[in-house]
Amino acid sequence: MSVLTAEQVRIHPGGASRDEALQEATGILVAAGAVTPAYVDAMRQREETVSTYMGNGLAIPHGTNDAKDAILASALSVVRYDGGVDWDGEQATFVIGIAGVGDEHLDILSRIAILFSEEDDVARLAAATTPDELFALLSEVNEG
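First things first, this report covers the structure right here in the doc. Bear in mind that the values here come from a model prediction, so they are computed numbers and not experimental data.

### Focus on the environment of A70
- Position of A70 among the secondary structure elements: in the loop between β3 (58-59) and β4 (75-87).
- Residue classification places A70 among the buried residues on the basis of a relative accessible area of 7%.

### Here we look at the sheet that holds β3
- Pairing is mixed across the open sheet formed by five strands, whose spatial order is β1-β4-β5-β3-β2. Both outer strands of the open sheet, β1 (9-12) and β2 (53-55), are each paired with one neighbouring strand and no more.
- Two elements, β4 and strand β5 (residues 90-99), share nine bridges in a ladder whose sense is antiparallel. Counterpart to L76 in the pairing with β5 is I98.

### Quick word on the pattern of salt bridges
- According to the stated counting rule, one finds seven salt bridges in the structure shown.
- For the salt bridge of R44 with D19, the shortest nitrogen-to-oxygen distance reads 2.6 Å. Here the residue R44 occupies a position in helix α2 (residues 39-49), and D19 occupies one in helix α1 (residues 18-31), the gap between them amounting to 25 residues.
- In this structure R44 comes out as partly exposed when scored by relative accessible area, which is 25%.
- Between D41 and R44 there is a salt bridge, with the nearest N and O atoms lying 3.2 Å from each other. Taken together, the residues span about one helical turn, with D41 and R44 both in helix α2 at a distance of three residues.
- Connected via shared salt-bridge partners are D19, D41 and R44.

### A closer look at the side chain of E24
- Considering the arrangement of structural elements, one finds E24 in helix α1.
- Non-local contacts of E24, meaning those with residues more than four positions away in its chain, are made with R10, H12, V79 and Y81.

### Focus on the environment of A123
- Tracing the backbone through its elements, the reader meets A123 in helix α4 (residues 119-127).
- Judged by relative accessible area, A123 falls into the partly exposed class, the value being 45%.

### Some points on α1
- When the terminal C-alpha atoms of α1 are compared, their 20 Å separation across 14 residues agrees well with the 20 Å that a helix rising 1.5 Å per residue should span.
- Considered for burial, the residues of α1 that qualify are A21, L22, E24, A25, T26, I28 and L29.
- Along its buried surface, α1 packs onto β1, α2, β4 and β5.
- Once α1 finishes, G33 follows within two positions and takes phi at roughly 80 degrees, a positive value.

### Let's talk about the environment of R18
- Tracing the backbone shows R18 in helix α1.
- For the pair R18 and V85, spaced 67 residues apart in the sequence, the C-alpha separation amounts to 6.0 Å.
- Excluding residues within four positions of it along the chain, R18 makes contact with E47, V85, D86, W87 and D88.

Cut-offs and rules
- Residues numbered from 1 in each chain as written.
- Predicted model: local features only at pLDDT ≥ 70, side-chain atom pairs only at ≥ 80, totals over all residues.
- Heavy atoms only, no water.
- Helix = DSSP H or I, 4+ residues; strand = E, 2+ residues; numbered from the N terminus.
- Buried < 20%, exposed > 50% of the residue type's maximum accessible area, 1.4 Å probe, protein only.
- Pairing = 2+ DSSP bridges.
- Salt bridge = Lys/Arg side-chain N within 4 Å of Asp/Glu carboxyl O.
- Contact = heavy atoms within 4.5 Å.
- Expected span 1.5 Å × (residues − 1).

Written out as structure tokens, the structure reads:
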């Protein structure tokens with residue numbers, strides 16, 4: 001199961017607002033054919049109830065359970081904001097948008113959590129100079 005392609009990985013030298021980051025995450029997932037544009041509203045609703053900031057500079061926005069009809073396929077979007085994103089007072093560098101069919105998002109979440117639990121791995125992800133290089137480092141999230 002390939003939930004991430006090189007086209008779904010971006011690096012920005014600047015920062016963004018949380019809402020801009022949610023919009024970009026959704027836009028990438030829409031372009032990948034994974035969600036409908038309405039999915040961004042479900043991501044915003046999720047943030048109102050619980051922040052998806054995970055620590056180690058990582059936020060993993062995803063929709064509420066009510067948004068299952070907006071999900072067409074399981075996929076990820078990965079955006080690195082070198083200028084950071086203010087995520088409810090926390091500083092996010094990596095914003096990984098998740099869309100999961102059924103319960104697939106749980107497996108995807110666990111693979112991302114493992115990848116970002118090691119500071120050395122996070123440092124490598126932060127040091128990648130191109131989206132292709134970043135994609136290569138993230139490729140293990142595709143192993144089903």
